[in-house]
Each structure stands twice: as structure tokens, then as C-alpha cells.
Amino acid sequence: MRNSFFRQVFWNRFRANRFAMAGALLIVALFLVSLLAPFITPYGPDELDLYHVLMPPSAAHWFGTDDLGRDVLTRVIYGARISLKVGFVAVGIAVAIGTVIGLVSGYYSGHLDNILMRVVDIMLCFPTFFLILAVIAFLEQSIWYIMIIIGLTGWMGVARLVRAEVLSLRERDYVMAVRALGACDARIIFRHILPNALSPVLVSATLGVAGAILTESALSFLGIGVPPPTPSWGNILTAGKEYIEFAWWLTLYPGLAITVTVLAYYLVGEGIRDALDPRLQR
Amino acid sequence: MNRGGIAFLVMVLPLLLLAACDRERGSSPPPRKGPGMPAYGDAIVAGSIGEPSTLIPILATDSASSDISGLVYNGLVRYDKNLQLEGDLAERWDISRDGLTITFHLRRGVTWHDGGEFTSRDVLYTYRVTIDPKTPTAYADSFRQVLKAEAPDDYTFRVTYARPFAPALESWGMPVLPAHLLEGKDITKSPLSRNPVGTGPYIFRQWVAGQRVVLESNPNYYEGRPYIGRYIYKIIPDSSTMYMELKAGGIDQMGISPIQYQRQTGTAKFASKFNKYRYPAAAYTYLAYNLRNPLFADKRVRQALTSAINKKEIIHGVLLGMGQVAHGPFKPGTWAYNPDVRDFDYNPQRAQALLAEAGWRDRNRDGILVKNGKPFQFTILTNQGNDQRLKSAVIIQYRLKAIGIDVKIRVIEWASFLSQFIDKGNFDAVLLAWTITPDPDIFDIWHSSKTGPKEFNFIRYMNPEVDRLLEQGRSTFDMDERKRCYFRLQEIMAEDQPYTFLYVPDALPVVSARFRGIEPAPAGIGHNFIKWYVPKEEQVY
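Definitions and cut-offs
Residues numbered from 1 in each chain as written. Chains lettered and ligands numbered in written order. Predicted model: local features only at pLDDT ≥ 70, side-chain atom pairs only at ≥ 80, totals over all residues. Heavy atoms only, no water. Helix = DSSP H or I, 4+ residues; strand = E, 2+ residues; numbered from the N terminus. Rg over C-alpha atoms; globule rule 2.2 N^0.38 Å. Buried < 20%, exposed > 50% of the residue type's maximum accessible area, 1.4 Å probe, protein only. Contact = heavy atoms within 4.5 Å. Areas by Shrake-Rupley, 256 points an atom, 1.4 Å probe, with all protein chains shown as cover. Lys, Arg positive; Asp, Glu negative; His and termini not counted. Charge placed at Lys NZ, Arg CZ, Asp CG, Glu CD. Axes fitted to C-alpha atoms, helices over the stretch in contact; angles between N-to-C directions. Left-handed = near helix turned anticlockwise from the far one by under 90°. Nonpolar A, V, L, I, M, F, W, Y, C, P; charged D, E, K, R; others polar. Pairing = 2+ DSSP bridges.

Peer 1: I tried to follow the overall build of chain B on my own but got confused; where do I start?
Peer 2: A count of helical and extended segments in chain B gives 16 helices and 22 strands. Scaling as 2.2 N^0.38, a compact globule of 541 residues should have a C-alpha radius of gyration of about 24 Å, and chain B matches this with 23 Å. Along the longest, intermediate and shortest principal axes, the C-alpha atoms of chain B span 75 × 60 × 40 Å. Every one of the 541 residues in chain B was classed for burial, and the buried ones make up 62%. For chain B, long-range pairs separated by at least 24 residues make up 71% of all intrachain contacts whose partners lie at least 6 apart in sequence. When the accessible surface of chain B is split by element, carbon and sulfur atoms take 49% of a total near 20,300 Å². Positive and negative side-chain charges in chain B, numbering 66 and 58 respectively, have mean positions lying 4 Å apart.

Peer 1: Sorry if this is basic, but what is going on with the packing of helix α4 (residues 72-108) of chain A against helix α5 (residues 110-125) of chain A here?
Peer 2: A packed helix pair is summarised by two numbers, namely the angle formed by the two axes and the spacing between the axes. Residue and element names in this part refer to chain A. Running from amino to carboxyl end, α4 crosses α5 at an angle of 140°, the nearest separation of the two axes being 7 Å. When you trace α4 past α5, the crossing you get is left-handed. Residue-level contacts link Ile-101, Val-104, Ser-105 and Tyr-108 of α4 to Gly-110, Leu-112, Asp-113, Leu-116 and Met-117 of α5. The residue inventory of the contact of α4 with α5, partitioned by class, reads six nonpolar, two polar and one charged.

Peer 1: Even after reading the chapter, I still don't get the side chain of Gln-539 of chain B, so can you show me in this structure?
Peer 2: As for its placement among the helices and strands, Gln-539 of chain B is situated in the segment after β22 (509-512). Setting aside chain neighbours within four positions, we find Gln-539 of chain B in contact with Ala-39, Tyr-40, Gly-41, Asp-42 and Val-534 of chain B.

Peer 1: What exactly am I supposed to notice about the sheet that holds strand β7 (residues 156-161) of chain B here?
Peer 2: The strands making up a sheet associate through hydrogen bonds between their backbones, and the pairing can be parallel or antiparallel. All names here are of chain B. Pairing within the open sheet is antiparallel, and its four strands lie in the order β4-β5-β7-β6. Where the open sheet ends on each side, the last strands, each with one partner, are β4 (90-95) and β6 (146-153). Averaged over all pairs of adjacent strands, the angle between strand axes in this sheet comes to 20°, irrespective of strand direction. Along the sheet, helix α2 (residues 120-131) contacts β5 (101-106), β6 and β7; its crossing angle with β6, the most-contacted strand, is approximately 160°.

This is a description of form; function is not addressed.
Shown next as C-alpha cells:
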């Protein structure tokens, strides 16, 4: 029952944070919109109308049309799907890898820990963005590759966080007790240490989603992210930058979408951190 | 700048390359300030998306390289502003009665940029190295028609052909290379590829990879020293960045996009700082199908693809109407262009019927056509930095999806696009453009013998009748007969659809208003570049 007590405390604290709640609501709304995209958008995401290109926002096209006459609102909404998908899959991969490496490294320490942490250091030395650029140049353009690559280059922070938690957790009395009862390492790690090490991971993952969304937007902006005609916020922005002087709607709306979404994730991430931190009492 | 008989793969619309001007439509605003006095000095900064590949012209196939080497080298002949051949390094020439022998009388006193004298030895060397099988060049073929080339003295060069060869004279527009620097050396390893020495109006000074190429005016140029002191070719791989540079005064000349032409350059402020020009470019954009791929082997499939593409819509949406529909490889209005040939206009029903006839059906009802268990899927490749091509590709993708064909688009940086995909025949379909040369001899692009690596028939189009017409069209001086050949050729191509010929765009160059002396002509604006000048009081560099 202790568990549900903590959950209640966490929830109360989180709910009291108005910014975090606003962020959470935004994310929920974003999910709903992107799930229901085909039902709420009046046009198809790649439906062209070459006789109405670069039309300013109007009743028919709330966010205007792009350089091929596609509805910007529709594309921004479909773009949300890409961004959310990328955010979650990439972070899922990063968290999975980072957690396992952090657990192993922290629990076994010694040589293994040394080696793994040096690998982390090496990975951190690479400027991640350029590593991604280089790798993508060799692969076919595909959203799956992008998600995987962002995931594969983003696990180091999680690994360090988890390792740090595990280092302190494995010395606790309860772990000693479980070990005395004859539990195997796997059981100790996954059943008894992991659940207690998860809170920093949760924070880092939430912030990571924001980072992954930004990375994907940047890649698409550079033209090597999500291939056309699939809309993503980054490639809508790219298409718009050429016309920024007179077709502001093409850059403003996807830009706002990125800003708001990333902000929402940060607010939620911060909210979770504050709610989990026992030292922060109001 | 005007290169005879040479076709180039175009990255973006070339700046100075020839482009005939339709007087009705070509517009050239009068200079707002007085013409001022011609004066030496100043510099012109031209913007380019692509970087030259090599500055040895016989090894280059891209328009960026030819932009530079057009200013550094000369040929024996060149096209004047009305697209008539005139002497360049050859002062004059005699053609024998049978048309088989041309004797060029070379200009005396022309010097190479390093001080050496230009003689017939240089011409002979250029000829020999071009036909050398070890030289990887796409331009050997017209020189291979030569039976005998000789240099009886330092200022005479004579060539004899075995059979009449119509583009013979034009083919000597090929830039002449300096024999004294190259003879006996491996041309592919020559430092001249990055440090050329020519006879032209501009001397090569510097090439900073990925940034700029700097040329300086040649005080000893045989036509007189050019007014503009330096020519800087600035490489900016993104057209909107380039446009901002133009407006900020960082560059003086670039080809703008139709959208920029129509929506961003109409202001009085722009008009006071720049002159803009518009004329049909001597280039056509096409979607080429790799005929090694069994997917495109059936003519009906290619016809269906063309039927499913709405060229008018592409011109409207991408070029904002500033271009013409292409039905074949020639420019509308030129003598070789067959106005009666119409290929397949937009008709998706016919496209579907043709595909069904060829065995493609939507068997599993997922919207994608299937034959022998394989879905109809292919990738269109195009080069990075050309927004118009990418947009055209997206429109084509949309239209083909409507008839059940799944198209992917891949954008690749120019150098690896040529080396990894085009040269190796490693592609399904490419969206590219060719320059249209004044002489209609398009042997190099379509003849079945031109399918080797680095050659221009990279789609491996082989049609015996086309081969025969190409041979016949170049081996007679009789204009009517040539016309018949090329007219028939267009009929066959309209039927065969080895390419879907998309459009002939308008060239839209913009030049800073401080440059005077620009004369729009059928050859575009680059023909009198050495006569452009900036009045002393307006010089900025």
C-alpha cells in the first residue's frame, strides 16, 4: 500500500504544478488530434491543388496552402503523427538500451562497469547530430531508420542516470536481504532495483522525447529526414523557408507546432522531476 | 560561353549558357540610370548551386564546370548572339566543295595564360586526346568522325571527314587545351583540372573547394581586355540562401525561381538594384526510365506513365506558367522541332487501360498495381538543391499513386548522384535536364552505342530506327533531309517514351543593375559578357 501512497503524493504534487498540467493536457490533445487526423482534416495530407498554391489562411484553408497547394493545417496535423512517433520510438529505444547498460554497469561494477562507461564516454564524444547525418547518408531515407538512429545515439544519458541510481541502491539493506534469501542477479536487478531506479529515467525520457522531436525536425529541415510526400514539421518548414518573405504561414504554423510540443514535453518533464524530488517541499 | 555541340546535364538553369530568346516574351527593362562610361575594374559575383567537377572541359559533363571553362578557354568556333557560328580561335575557315574537308586558319598572336603561344599543335593535341580511348570523355564521338587531322603549319589546321558530318563545324567549338602543358601526360591526373590554363578572357586564380572559384580578367585577351576585373563564382548550395545573398549584395548574378520572379522581385526597390530577364531556356527537364529495369521494358508502361502525368499542371504549379510543355528533345520554335508531334497528354483512364493491357492489375485491392506477384514500385532520383525538380517529382508521385503506382523520391547530392547512380546505371528513374544545343545532333544522348559508363545514353535506350535516323541526320548537309530525319525521330520518341519529356522552362537570370552593356539576344545574355562594364562611380570592389 506504500506504493499507492507515493503515487498519490506524486499525483498531488504534479497536479499542483499548473505549467506541468498545461503541458500534459497539450500532449494529450496532440495525441488525440493526430490519432483522429483522417477524421478531422478536410483534405488529404498529400492532396495537391496546383491552381491554388501559396494561398494565405482563409476559411477554406485555416493555415493557408503550401507551394504545391496542399493544406497546411492538414499537413501540420499529420506532421504531429510523425513527430510523436519519432519521439516515442526513438526514446523507447534509447531508454531500453540505456537502462540495461546502466543496470548491468551499476550492479556488477568492476571491469565491466569500466568498459561500459568508457563506451558511454566514447559515444558522448561524438557530436550526435553529425553522427546521425553521416549514418543517414549511407542508408535509404526512411522514417524508421531515423527513429532507430536517434534512439541508438541517445541512450548514454539514461545509462549514466540508471547506473548512478543502481550504485546506491545495490548497497541498500533490502537488496542485501533479497540476496540473502537466494535471489538470482536477474531477479534482484529487474524485480528489486529497476523499479526504484526508474524515476530519473522517466524524467530523462520525457525530456528525451522533446529532444528527439527537435532532432527529427532538424533532419527533415535539412532534407534528409522523413522523405516526401510524408509531412513532418521539419520538412514543411524547409519548404516554407524559401517563401518566408511573403508566405509566412508556411513557416509560422509548423514552427509553432514544434515550439509548443517541445515546450509541453519540457514542462511535463520538469513537473515530474519536481513531483518526484523529496527535497523539494513547498 | 556558348559551347558548340556540347550537351550538359543541367543542375540548375545555367547562368551564361546559351538560351535563345523569344523577342516577344523576352523582357529587358531599360537601365534606370544612364548607361555611364565603360570602365575597367570591379568584380561580378555569380551564384551557383553546384560546384564544378573538373576544369578540363572534355572531362566535365556538368553545367557548373562549363560555366567556368567557358570563360577560361576558347574553341575554334563559337555561337554568336544570334546562334550563328562565328570564328573564335579560328579567324576564318574554308570548307571544300564536297563538305568533307574544313581548313581552319587560326588567329595569330593568341597566347595561353602562362605566356605560351597558341598554335595548331594545341588543336591537334585536343583532337588526339579527345579520341584517345583512354580518355574518359563523353565528347569523343564527333571527333571520331574525322578521317584525318593535320596541322600543315602553325596557323593552319585541317580536318577531313570520311562521310558528310553535319555538326562538324559546330564540334570544333570544343575548348582547345594547352598542348605544352598536357602532351605526354595522363590527362585524368593533370593538375589543370583544378588549375586550368586557357586562352580565354579570364585567367583562373583560385578555387576554394565548396566555396568559390575566382577568375581574373586577361589583359592580353585577343578580343581585348574584358571590362570587369574579376569573376567570382560563389557556390551556395541552397537557392533561398542564394537569393538572400543577392538581396544583401553578396552576389550580383543568379538564376531565380519562378516564384521569386513573380512574387518577390516586383518591388521598386528590387527594380532599382537589379535587372531581371526572361526567355525560354535551351534546356528541357525530363523523367528518364532506366530501360535495364524490366519494370520499364514494356513501351505501354512508359506510355501509361506519361499519360498519368499532367505536364500542364507541373508547369502551372512549379514554373507558375513560365515554361512550355516538352514533347520531345528539341526546343519549340527551332528548325528541328516537329510541331505536329504530340505525345501522350494527361489522361489517367488511358494510363490505367494501358497498364491493364500490359498485365498490371490491382489484385489485392490495396491500391497498388501488381504483376507476377510484384507491386509496381520505383524510386525517382533527383539532385539536391533544385527545388523545381523536387516539386515536379512530388507532383508525379501524387499522380502516379492515383493510378496505382507507388513512387519513392530520393534526393542526392550532385557529385555522388553522377558517380554512384547515373554512371553506374544504378537507378529506376531520374528527374534531370539536358541542355538543348543549337545543332539538333543528339547522337550522344540517344544512340545505342553511347550506353557505356560516363556516356550520355545512361538509360540504355536502343532503337535501331532511331540509331539509323541519328546517323542519317548527322551525315548530310541537306537541311531538308536532316529535318525529315529529326521530325521522324520525334515521332518515334513520342511513341517510345524512353523519357517523359516534361517541360522547357524559362531562364530567369537576375543581374545587379550596376552592370551595363547587357544585350539580351537569342543566345541569352551571356554572349557579350566581356563587354559588360560598371561605370567608374558605381564600382564597389
